Amino acid sequence: MFAKPVLGRTTADAEGDVVVLLIGMRINHFWAVHQWLPVMLAMFRMLAELAKDGDRGLLGRVLLTASPRTYYVVQYWESKEKLYAYAASPDMFHHKVWGIVNRKERAGKVRGHVGIWHESYVVPEGSYESIYGDMPAFGLAAAHGQVPVERRGRSAKDRFAHRSGGADS
């Protein structure tokens, strides 16, 4: 295995607003594999679908677990408009899956075996900062690029104060 290069102290090279989507599932009943496994597989299928078409707007993602029951993905998007467009596009898998979920719910066939959730955030420039010590690009830096920390400031206060060249100060 080849290790990813580490670059000392770095920060994310994000410019402007950052769009973050947290989306996940919670297994409420482990024995109900027939209920929660399709949800998990659907998430992987949507991520694969997005990976095939960079123009859809997904810049990066990190798969995480919060517990043996709870799994989620942190996603970084180009814009909230591209996030909405993917979610609502009738030719994308998300639209099909959401239709199935809605039909099951209306028919009273949701049994509570698996929970699903998401949270979306638009973080304005000046309201986020990052630092990575001896880390390959990860999270926000993997989505937006990585630069030496000195380019944005050695302190969190300086990195919060950073403004992109095209932004109004």
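Structural notes, computed from the coordinates.

Cut-off values and rules
- Residues numbered from 1 in each chain as written.
- Predicted model: local features only at pLDDT ≥ 70, side-chain atom pairs only at ≥ 80, totals over all residues.
- Heavy atoms only, no water.
- Helix = DSSP H or I, 4+ residues; strand = E, 2+ residues; numbered from the N terminus.
- Expected span 1.5 Å × (residues − 1).
- Buried < 20%, exposed > 50% of the residue type's maximum accessible area, 1.4 Å probe, protein only.
- Contact = heavy atoms within 4.5 Å.
- Polar contact = N/O pair within 3.5 Å; in protein donor to acceptor, adjacent residues only side chain to side chain.
- Pairing = 2+ DSSP bridges.
- Phe/Tyr/Trp six-rings, centres within 6.5 Å; stacked < 30°, edge-to-face > 60°.
- Lys NZ or Arg CZ within 6 Å of the ring centre and 35° of its normal.
- Axes fitted to C-alpha atoms, helices over the stretch in contact; angles between N-to-C directions.
- Parallel < 35°, antiparallel > 145°, perpendicular 65-115°, else oblique.
- Nonpolar A, V, L, I, M, F, W, Y, C, P; charged D, E, K, R; others polar.

## Details of helix α3 (residues 93-106)
For α3, spanning 14 residues, the distance from its first C-alpha to its last is 20 Å, which sits close to the expected 20 Å at 1.5 Å a residue. Every buried residue of α3 is accounted for by Phe-93, His-94, Val-97 and Gly-99. Its buried side turned inward, α3 meets α1 (33-52) and α2 (80-88).

## Description of the side chain of Thr-11
With respect to the helices and strands, the residue Thr-11 is situated in strand β1 (residues 9-12). For Thr-11, a relative accessible area of 2% translates into the label buried. At 2.6 Å, the side chain of Thr-11 forms a polar contact with the backbone oxygen of Ser-130. If we ignore the near neighbours within four places in the chain, the residues touching Thr-11 are Ser-130, Ile-131, Tyr-132, Gly-145, Gln-146, Val-147, Pro-148, Val-149, Arg-152 and Arg-159.

## As for the sheet that holds strand β7 (residues 146-148)
Remark on secondary structure: sheet strands pair via backbone hydrogen bonds, oriented parallel or antiparallel. Taken in spatial order, the 3 strands line up as β6-β1-β7 in an open sheet, and their pairing is antiparallel. In this open sheet, the two strands that pair with only one neighbour each are β6 (132-133) and β7. Both β1 and β6 contribute to a ladder of 2 bridges, which runs antiparallel. Opposite Thr-10, over in β6, you have Tyr-132 as the bridge partner.

## Considering the environment of Ser-127
Positionally, Ser-127 belongs in the loop between β5 (114-123) and β6. Taking relative accessible area as the criterion, Ser-127 reaches 43% and is therefore assigned partly exposed. Each C-alpha atom, one on Ser-127 and one on Phe-160, is 6.1 Å from the other, the two residues being 33 residues apart in sequence.

## A few points about the packing of aromatic side chains
Aromatic rings in a pair are described by how distant their centres are and how their planes are angled relative to each other. This model, assessed by the stated rule, comprises 2 aromatic pairs. Arranged with centres 5.7 Å apart and planes meeting at 50°, the rings of Tyr-72 and Trp-117 form a pair that is tilted. Within this pair, whereas Tyr-72 is found in strand β4 (residues 70-77), its partner Trp-117 is found in strand β5, the two being separated by 45 residues in sequence. The partly exposed category is assigned to Tyr-72, whose relative accessible area is 22%. Taking the relative accessible area as the measure of exposure, Trp-117 reaches 28% and is therefore partly exposed. Lying over the aromatic face of Phe-93, Arg-45 brings its terminal NZ or CZ to 3.8 Å of the ring centre.

## Some points on the packing of α2 against α3
A packed helix pair is summarised by two numbers, namely the angle formed by the two axes and the spacing between the axes. Where α2 meets α3, the axes come as close as 6 Å, and the angle between the chain directions of the two elements is 60°. As far as their axial angle goes, α3 and α2 are oblique. The residues of α3 that touch α2, namely those facing Tyr-86, Ala-87 and Ala-88, are Phe-93, His-94 and His-95. Counted by class, the contact of α2 with α3 contains 4 nonpolar, 2 polar and no charged residues.

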